[in-house]
Each structure stands twice: as structure tokens, then as C-alpha cells.
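# Examining the three-dimensional arrangement
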Amino acid sequence: MADLKITLIKSIAHREPRQRVIAKSLGLGRVHSSVVRPDNAATRGIIFKIAHLVTVEEVK
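Quick caveat, the model's predicted, so the values are computed rather than measured.

So, how was this worked out
- Residues numbered from 1 in each chain as written.
- Predicted model: local features only at pLDDT ≥ 70, side-chain atom pairs only at ≥ 80, totals over all residues.
- Heavy atoms only, no water.
- Helix = DSSP H or I, 4+ residues; strand = E, 2+ residues; numbered from the N terminus.
- Buried < 20%, exposed > 50% of the residue type's maximum accessible area, 1.4 Å probe, protein only.
- Contact = heavy atoms within 4.5 Å.
- Core = buried A, V, L, I, M, F, W, Y, C linked by side-chain atoms within 4.5 Å.

In this section: the environment of Lys49. Tracing the chain through its elements places Lys49 in helix H2 (residues 41-49). According to the relative accessible area criterion, Lys49 is partly exposed, its value standing at 41%. On a C-alpha basis, the gap between Lys49 and Ser34 in space is 17 Å, while along the polypeptide they are 15 residues apart. Residue contacts for Lys49: discarding those within four places in its chain leaves Arg18, Gln19 and Ile22.

Grouped together as the largest cluster of nonpolar side chains are 13 residues, with contacts concentrated most on Ile6, Leu8, Leu28, Ile50, Leu53 and Val54. Counting only elements with at least two residues in this core, the list comes to strand E1 (3-8) and helix H1 (17-26). Setting aside its immediate chain neighbours within four residues, Ile50 contacts Gln19, Ile22, Ala23 and Leu26.

Before going further, it helps to spend a moment on unusual backbone geometry. The backbone phi angle of His14 is positive, close to 65°, even though this residue is not glycine. With respect to the helices, strands and loops of the structure, His14 is situated in the loop between E1 and H1. Its relative accessible area of 81% is what places His14 among the exposed residues. Here the phi dihedral of His32 falls at roughly 70°; this positive angle occurs in a residue that is not glycine. Tracing the backbone through its elements, the reader meets His32 in the loop between H1 and strand E2 (34-38).

Position of Thr43 among the secondary structure elements: in helix H2. By relative accessible area, which is 8% here, Thr43 ends up buried. The contact partners of Thr43, leaving out residues within four places of it in the chain, are Leu4, Ile6, Arg37 and Pro38.

Rendered as C-alpha cells:
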């Protein structure tokens, strides 16, 4: 399976507390910070919750 590169493109300040917690749990603290996570159902579900704040790229 491939991995996903998740980049925070919008600030998590002034967002719902649940969205802030999700971003922090992924390891995204600041705008333009990126993490690489495995492409699985759990990761996709988390991304879906904050899709308006992040961009996702497939990394091989």
C-alpha cells in the first residue's frame, strides 16, 4: 500500500475543538506542516473529518 502525505493548509485556530484535536493527533501543529501516514481506512476517516483544512497527496 502507498502512504499519504497530509499537509495542513488552513489554521486550526477558531475551529471546533474536535477538529483541533484531530489535527494535533495527526501531528499537524502549524500551517504548512506535513506528515506521512499509511493509507488505510482509519486514516481516511480522520482525513474526512478535517478535509477542508488539509491537502492529501499519495506518496509511493
